[in-house]
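Understanding the architecture of this molecule
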Amino acid sequence: MGWMMWRWWIKHTKANNTITHAIQFMRGAQRRINGEHMARQLINIEGVDRSFGPVDVLVDINLLVQDGDRIGIVGHNGAGKTTLLNTISEQSQDVGEIDYAPGIRIAYLTQIRDIDSDSTIEEELGRKGRQFQELEEEIAAIEAQMADPAFYDGDWEGVMERYSELQQTLGASGGGNVASIAKSTLARLGLDKHPMDMKVSKLSGGEKAKLALARQLVGLAGVDVMFLDEPTNHLDIETTEWLEAFLKDFKGAQLIVSHDRYFLDQVCTRIVEVDNLRAWPWKGNYSQFLRQKVATEAALG
């Protein structure tokens, strides 16, 4: 990279944050002047169907996910809860639209299903979650362009601005130091007693869950939407309560599949019931959902 590129890099790296904060401040001020507080729309799902072969699993799903939503996805076994979660997170619908807001980052908390039992604790802690995958893929793609001398003959400044933004996001979210940050979380979860070279296969189910939790919670400060599939499985009460507090403090949106009714009561602000191939939205936590459902069914006779 030539000296002109370095000058541009220093200039824009310093300027990007200032410009971004100024724009955000002005937009926020305008909303306050207008007396508005509009939640940002993150994911819009319209008319989504999903099937496996000839079997329909989800039909005409409509859902809006906004900033700050903590949505519990419930339903009987086999209703399609995890299929709904995966369809939204992977945008793998057969019919309909799943639109993500531009530039949003997502994370997926999969618990011990994502654990590599053949690795050591230290190796597992160093593996990066999905929240870093798209960032690093885009960074790698831009770096591949930069390696081509012809890149600098074109309009490269916009691409380099994006590269600067990505690098700043990765650094701020801990992407360059996953293992160290995860070790700190692991200590708070009481699992720092084992040597780092111990095989994951020797851990209990609960310890594996804590290990996965510690690794996957790194870098969530910049994440907009988090998908959680049975996050309390194999967790003891103390760790579950720690996770509840963490999720309440998390600023982004959450979509949570869980059979733990108490957990859903503590964390969720909305419920989506998957039943008869559809997704039915309700306000409030799980207990409030049950009361509303009983009242609705009674009113319908």
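Just so it is clear, the structure is predicted and the values come from calculations on it, not from any experiment. (Residues numbered from 1 in each chain as written. Predicted model: local features only at pLDDT ≥ 70, side-chain atom pairs only at ≥ 80, totals over all residues. Heavy atoms only, no water.)

Scanning the protein chain for helices and strands turns up 10 helices and nine strands. Counting over 301 residues, the protein chain shows a buried share of 43%. Taking the contacts inside the protein chain whose residues are at least 6 apart along the sequence as the reference set, 71% of them involve residues at least 24 apart. A total accessible area of about 16,000 Å² is found for the protein chain, and carbon and sulfur atoms account for 52% of it. (Helix = DSSP H or I, 4+ residues; strand = E, 2+ residues; numbered from the N terminus. Buried < 20%, exposed > 50% of the residue type's maximum accessible area, 1.4 Å probe, protein only. Contact = heavy atoms within 4.5 Å. Areas by Shrake-Rupley, 256 points an atom, 1.4 Å probe, with all protein chains shown as cover.)

A word on the nonpolar core. Ranked by internal contacts, the top residues of the largest apolar core, which has 28 residues, are I43, I45, L84, V225, F227 and L255. It is strand 2 (residues 55-66) that provides the largest number of residues to this core, a total of five residues. The residues touching L84, leaving out its near neighbours within four places in the chain, are L58, I61, I73, V272, V274 and A279. Counting residues in hydrophobic clusters, the runner-up holds 23 residues, among them V74, V223, F250 and W282. (Core = buried A, V, L, I, M, F, W, Y, C linked by side-chain atoms within 4.5 Å.)

In this model, the protein chain carries a mean pLDDT of 79, and residues with pLDDT of at least 70 account for 74%. Under a pLDDT of 50 for its full length, residues 1-36 has, in the predicted model, 25 contacts with residues more than four places off or in other chains. (pLDDT = per-residue confidence, 0-100.)

Moving on, we come to the packing of aromatic side chains. Evaluation of the coordinates by the stated rule reveals five aromatic pairs. Aromatic pair F151 and Y152: ring centres 5.0 Å apart, planes at 80°, arrangement edge-to-face. Judged by relative accessible area, which is 28%, Y152 ranks as partly exposed. Ring plane angle 65° and centroid distance 5.7 Å describe the contact between W282 and F289, whose orientation is recorded as edge-to-face. (Phe/Tyr/Trp six-rings, centres within 6.5 Å; stacked < 30°, edge-to-face > 60°.)

For the rest of this paragraph, the subject is the sheet that holds strand 3 (residues 70-74). Overall, mixed pairing links the six strands, which are arranged 5-6-7-3-8-9 in an open sheet. For this open sheet the edge positions go to strand 5 (106-109) and strand 9 (278-283), each flanked by a neighbour on one side alone. Taking each pair of neighbouring strands and ignoring which way they run, the sheet shows an average axis angle of 20°. Where strand 6 (residues 225-229) lies against strand 7 (residues 253-257), five bridges are found, and the strand directions are parallel. Paired with L228 across the bridge in strand 7 is I256. Set on the sheet, helix 2 (residues 81-90) makes contact with strand 3, strand 5, strand 6, strand 7, strand 8 (270-275) and strand 9; between it and strand 6 the angle comes to about 150°. Contacting strand 3, strand 8 and strand 9, helix 10 (residues 286-299) runs over the sheet at an angle of about 105° to strand 9. (Pairing = 2+ DSSP bridges. Axes fitted to C-alpha atoms, helices over the stretch in contact; angles between N-to-C directions.)

Bridge analysis of strand 8 against strand 9 gives six bridges, and the strand direction is antiparallel. Counted as the bridge partner of E273 is W280 from strand 9. From the end of strand 8 to the start of strand 9, which pair antiparallel, there are two residues, and N276 there has a positive phi angle of about 55°.

In terms of burial, strand 3 is a largely internal element, five of the five residues being buried. The side-chain alternation of strand 3 yields two buried faces, one formed by R70, G72 and V74 and the other by I71 and I73. By the bridge criterion, four bridges tie strand 3 to strand 7 in an arrangement that is parallel. Residue pairing in the sheet places R70 in a bridge with Q254 of strand 7. As judged from the four bridges shared by strand 3 and strand 8, these two strands associate in the parallel manner. Its bridge partner lying in strand 8, I73 is registered against V272.

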